[in-house]
Amino acid sequence: MKSSFFSSWKDILEIQNAFLKQAQSNLPVEDLLKSLTDRLDALHDRHAVSVMLKGEGETLIFAAGSRLSSDYIDQINPLPYGPNVGSCGTAAFEKKQVIVDNMLTHPLWADFRHLQPACGYMACWSQPMLSKDNSLLGTFAVYFKEPRAPSEMETDIIESLGNTVGFILERKKYEDTLKTTNASLAKKVAVRTAELKLQKEKAEEANTLKTRFLAAMSHELRTPLNGIIGAGHLLSNSKLNKEQRELNEMSVNSAQLLLTLVNDLLDLSTIESGEFKLNLEPGNLRHNLEEICALFHVSGKAQQVPINLSISENVSAKYALDYMRIKQIIFNLVGNAVKFTSDGSVEVRVSETPADTTPTSLRFEVEDNGIGISKDHHQTIFQLFRQADASTTRKYGGTGLGLAICKKLIEGMGGQIGVESQLGEGARFWFEIPATTCNASEQENASNTLEVAGITATARRQVLLVEDSAVNRTIATKFLETLNCEVDTAQNGKESLDLIEGKTYDLVFMDCMMPEMDGYAATKIIREREKTSSAPTALPIVALTANAMHGDEEKCLSAGMTDYLTKPFDAKSLEAMLSKHI
């Protein structure tokens, strides 16, 4: 090292920059000061850097400086400041830089020469740290082993370092109380740190509990819905008279819409993340819209507020769309229109928008002559948990989720949504989405019945169904039997392991949440057994689960499952899995 205090300004600038970056963190002041003095001490082995802070009254409290002996610190801490009180005491009193080149001869140390042996240093240069209003914050000092005076550059360095530390101390002043002793300051910082940690832990715990609740509700609601929808599909293929068939269709459609409402709540996190997947399938747009409007007729709402469906002549009956999402959106928009309309009607219109390129763009409109919406609220109503007027919640009900979810779904489809309305003059909600028309063969495949799906299969497929719910075992078994499958059942993962040991299966449908042994554990054991068996290929294991939260599919696949199918399921989705993996 060079004999001067610091080798160059470059060293100082690097240390100052590091100190300023650290000051942006939540480190306590004493930790910041210790880091600074340690870095400065490392530049030379014959000097010591220290920082003292203003204490109660006219005193200085030692804050940082690891090279100074504890004996010396004990004797000067706290240090009253005033004229002729050593280097730091005088610098604090006069609020200017004080240079003591020799403690044994300098007059400022006349009353403190007895401290020099405990100090172990011979010279001390001290720089006061001042706030913008020139009030004292503390002192920054450098001690030297030998008597010496600073060069002009070293004088500038001491002043620069003192000003830098003073600037940070003033900035930290509003965060930490710098009027107490060092011990008191450390205690307050520790308390505040503990409070922030506790708040963070509570927030994380609340988020974890919310996720667990949503996952549990997803499972508990989807499981009975699977039974209702599945039983309705099976019943639709039995001998029913016209009235019975209509009532059954209403029941199935109502359950499907209940599932849509469940998705509004349980799938919100997935929709917000933008990671939900569109399920584009060929279908009859008119038929799906008529189903939605019919539900309101069944509920009796449309008897008071008629719902009129108008589909333009240029609209084809056959499009590849995510019909479940479309129905979810229309259900929300029509439901709002009916809710806020006491007298009049609700008009539902669909048309193709003029376009020179594909895909085709469809425009949907839902218009009512209800209470209307002020222009000031046209944007806020599409935000989560926001309504045009808080009083509407008390009068009309609602969660404030519907329009926000509609907006996210539509944007996820590559479309847009808007509203045209004035207070007291009704409202027209509209949205446009891209759509691809289907050819005749795609439409025909989309309308295959259970009987057709069963006839297409030739050899009976050996299937193991692992499901703890008796209702869902019955529903899934009947579906699979119509698909030309011979079905064995197990109520938990442990039973499935015994059955697989004694028989060869073409495919396993495995529930995830079961008593004794769940589907994840059972699948891992099956995969471990396969490593030592002579089977040429792995047994296809399809998760058949009510767990439909974001990340559940990845969890199933990482456990060793081949594919993933959520409840509610139908014969078509089961047949798709059979065809894919057998």
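Residues numbered from 1 in each chain as written. Predicted model: local features only at pLDDT ≥ 70, side-chain atom pairs only at ≥ 80, totals over all residues. Heavy atoms only, no water.

1. A closer look at the overall build of the protein chain
Then step 1. Each helix and strand counted, the protein chain has 21 helices and 18 strands in total.
Then step 2. Here the protein chain, with 582 residues, has 47% of them falling under the buried criterion.
Then step 3. Considering only contacts in the protein chain between residues 6 or more positions apart, those separated by 24 or more positions represent 66%.
Then step 4. For the protein chain, the exposed area adds up to about 28900 Å²; of that, 52% sits on carbon and sulfur atoms. (Helix = DSSP H or I, 4+ residues; strand = E, 2+ residues; numbered from the N terminus. Buried < 20%, exposed > 50% of the residue type's maximum accessible area, 1.4 Å probe, protein only. Contact = heavy atoms within 4.5 Å. Areas by Shrake-Rupley, 256 points an atom, 1.4 Å probe, with all protein chains shown as cover.)

2. Focus: empty space enclosed by the protein
Then step 1. This model, assessed by the stated rule, comprises two cavities of 30 Å³ or more.
Then step 2. There is about 110 Å³ of room inside the largest cavity.
Then step 3. Considering the residues around the largest cavity, the lining is formed by Tyr72, Ile76, Leu79, Val85, Gly86, Ser87, Cys88, Trp109, Phe112, Leu115 and Tyr143.
Then step 4. Looking at the lining of the largest cavity, the elements with two or more residues in it are helix H3 (70-76) and helix H4 (86-94). (1 Å grid on protein atoms, 1.4 Å probe; cavity = no way out; pocket = protein on both sides within 12 Å on 5 of 7 lines; lining within 4 Å. Points joined across faces, edges and corners; volume = space filled by probe spheres on them.)

3. Concerning the nonpolar core
Then step 1. By size, the foremost hydrophobic cluster in this structure holds 43 residues, and its most contacted members are Leu285, Leu321, Phe364, Phe429, Phe431 and Ile433.
Then step 2. Among the elements that make up this core, the one with the highest residue count is helix H12 (residues 323-339) (nine residues).
Then step 3. Setting aside chain neighbours within four positions, we find Leu321 in contact with Asn279, Leu280, Glu281, Leu285, Ile326, Leu362, Ile433, Pro434 and Ala435. (Core = buried A, V, L, I, M, F, W, Y, C linked by side-chain atoms within 4.5 Å.)

4. Concerning the sheet that holds strand S3 (residues 79-80)
Then step 1. With respect to topology, six strands assemble into an open sheet ordered S3-S2-S1-S6-S5-S4, the strand pairing being antiparallel. Of all strands in the sheet, those with a lone pairing partner are S3 and strand S4 (98-100), marking the two edges.
Then step 2. Bridge count between S4 and strand S5 (residues 123-130): three bridges; the pairing is antiparallel. Residue Ile99 lies in a different strand from S5, and its bridge partner there is Trp125.
Then step 3. In the packing of helix H6 (residues 152-173) onto the sheet, contacts are made with strand S1 (47-54), S5 and strand S6 (136-144), and the angle to S5 comes to roughly 40 degrees. (Pairing = 2+ DSSP bridges. Axes fitted to C-alpha atoms, helices over the stretch in contact; angles between N-to-C directions.)

5. With respect to the pattern of salt bridges
Then step 1. Within this structure, the stated rule accounts for 21 salt bridges.
Then step 2. For Glu365, the salt bridge identified is with Arg363, shortest N-O distance 2.8 Å.
Then step 3. With its nearest N and O atoms 3.2 Å apart, the salt bridge here joins Glu528 to Lys531. Taken together, the residues Glu528 and Lys531, both in helix H19 (residues 519-532) and three residues apart, mark about one turn of the helix. (Salt bridge = Lys/Arg side-chain N within 4 Å of Asp/Glu carboxyl O.)

6. Structural notes on the sheet that holds strand S15 (residues 485-490)
Sheet strands pair by backbone hydrogen bonding; their relative direction is either parallel or antiparallel.
Then step 1. Strand order in the open sheet formed by five strands is S15-S14-S16-S17-S18, with parallel pairing between adjacent strands. With partners counted over all chains shown, the strands left at the sheet margins are S15 and strand S18 (563-566), one partner each. Averaged over all pairs of adjacent strands, the angle between strand axes in this sheet comes to 25 degrees, irrespective of strand direction.
Then step 2. In this structure, strand S17 (residues 541-545) lies alongside S18, joined through four bridges in parallel fashion. Paired with Val542 across the two strands is Asp563, which belongs to S18.

7. Quick look at the pairing of strand S2 (residues 59-64)
Then step 1. S2 sits mainly inside the fold: six of its six residues count as buried.
Then step 2. With four bridges connecting them, S1 and S2 associate as antiparallel partners. Bridge pairing in S2 places Leu53 opposite Ile61.
Then step 3. Remark: four residues form the turn of the hairpin made by S1 and S2, two consecutive strands paired antiparallel; Gly57 in that turn has positive phi of roughly 65 degrees.

8. Brief notes about helix H2 (residues 29-41)
Then step 1. Over its 13 residues, H2 extends 18 Å from the first C-alpha to the last, a length consistent with the 18 Å expected when each residue adds 1.5 Å.
Then step 2. Among the residues making up H2, those that are buried are Val29, Glu30, Leu32, Leu33, Ser35, Leu36, Thr37, Leu40 and Asp41. (Expected span 1.5 Å × (residues − 1).)

9. Focus: the environment of Asn288
Then step 1. Along the polypeptide, Asn288 turns up in helix H10 (residues 285-299).
Then step 2. Residues Asn288 and Lys327 lie 39 residues apart in sequence; the distance between their C-alpha atoms is 7.2 Å.
Then step 3. Other than its neighbours up to four places away in sequence, Asn288 contacts Tyr323 and Lys327.

10. Re the packing of H12 against helix H14 (residues 402-412)
Then step 1. At a minimum axis distance of 10 Å, the contact between H12 and H14 shows a crossing angle of 145 degrees. Like other packed secondary-structure pairs, H12 and H14 cross with a definite hand, here left-handed. Two secondary-structure elements touch here, H12 through Arg325, Gln328, Ile329, Asn332, Leu333 and Asn336 and H14 through Gly402, Leu403, Ile405, Cys406, Leu409 and Ile410.
Then step 2. Looking at the contact of H12 with H14, its residues break down into seven nonpolar, four polar and one charged. (Left-handed = near helix turned anticlockwise from the far one by under 90°. Nonpolar A, V, L, I, M, F, W, Y, C, P; charged D, E, K, R; others polar.)

11. What to know about the confidence of the model for the protein chain
Then step 1. Mean pLDDT over the protein chain stands at 81; residues scoring 70 or higher make up 82%.
Then step 2. Mean pLDDT across the elements of the protein chain ranges from a minimum in helix H16 (residues 450-456), with 38, to a maximum in strand S16 (residues 507-510), with 96.
Then step 3. Ignoring residues within four places in sequence, the model shows residues 446-457, a span with pLDDT below 50, making 14 contacts including any to other chains. (pLDDT = per-residue confidence, 0-100.)

12. Re the environment of Met561
Then step 1. If you trace the backbone, Met561 turns up in the loop between helix H20 (552-558) and S18.
Then step 2. The class of Met561 is buried, set by a relative accessible area of 4%.
Then step 3. Not counting residues up to four positions away in its chain, the partners in contact with Met561 are Met510, Cys512, Gly519, Tyr520, Thr523, Arg527, Ile541, Ala543 and Cys556.

13. A word on the pairing of strand S14 (residues 461-466)
Then step 1. In terms of burial, S14 is a largely internal element, six of the six residues being buried.
Then step 2. Both faces of S14 are covered, namely the face carrying Arg461, Val463 and Leu465 and the face carrying Gln462, Leu464 and Val466.
Then step 3. In this sheet, S15 lies alongside S14 in parallel orientation, the contact comprising six bridges. Bridging from a neighbouring strand, Arg461 pairs with Cys485 of S15.
Then step 4. Chirality of the crossover, the property in question, places the unit of S14, helix H17 (residues 470-482) and S15 among those that are right-handed. (Right-handed = clockwise from strand over helix to strand, strands pointing away.)

14. Thoughts on the packing of helix H18 (residues 493-502) against H19
Then step 1. Orientation of H18 relative to H19, taken along the N-to-C sense of each, is 25 degrees, at an axis distance of 9 Å. The orientation of H18 with respect to H19, classified from their angle, is roughly parallel. Judged by the twist between their axes, the crossing of H18 over H19 is right-handed. Seen from H18, the contacting residues are Gly493, Ser496, Leu497, Ile500 and Glu501; seen from H19, they are Ala522, Ile525, Ile526 and Arg529.
Then step 2. Across the contact of H18 with H19, the residue classes break down as five nonpolar, two polar and two charged. (Parallel < 35°, antiparallel > 145°, perpendicular 65-115°, else oblique.)

15. A short note on unusual backbone geometry
Then step 1. For the bond running from Asn77 to Pro78, omega is 0 degrees, close enough to zero to count as cis.
Then step 2. Along the chain, the position of Pro78 falls in the loop between H3 and S3.
Then step 3. Of note, the phi angle at Lys95 is positive, near 55 degrees, even though the residue is not glycine.
Then step 4. As for its position among the elements, Lys95 is in the loop between H4 and S4.
Then step 5. The phi torsion at Asn484 lies on the positive side, around 65 degrees, for a residue other than glycine.
Then step 6. Structurally, Asn484 can be placed in the loop between H17 and S15.
Then step 7. Classification of Asn484 as buried rests on a relative accessible area of 14%.

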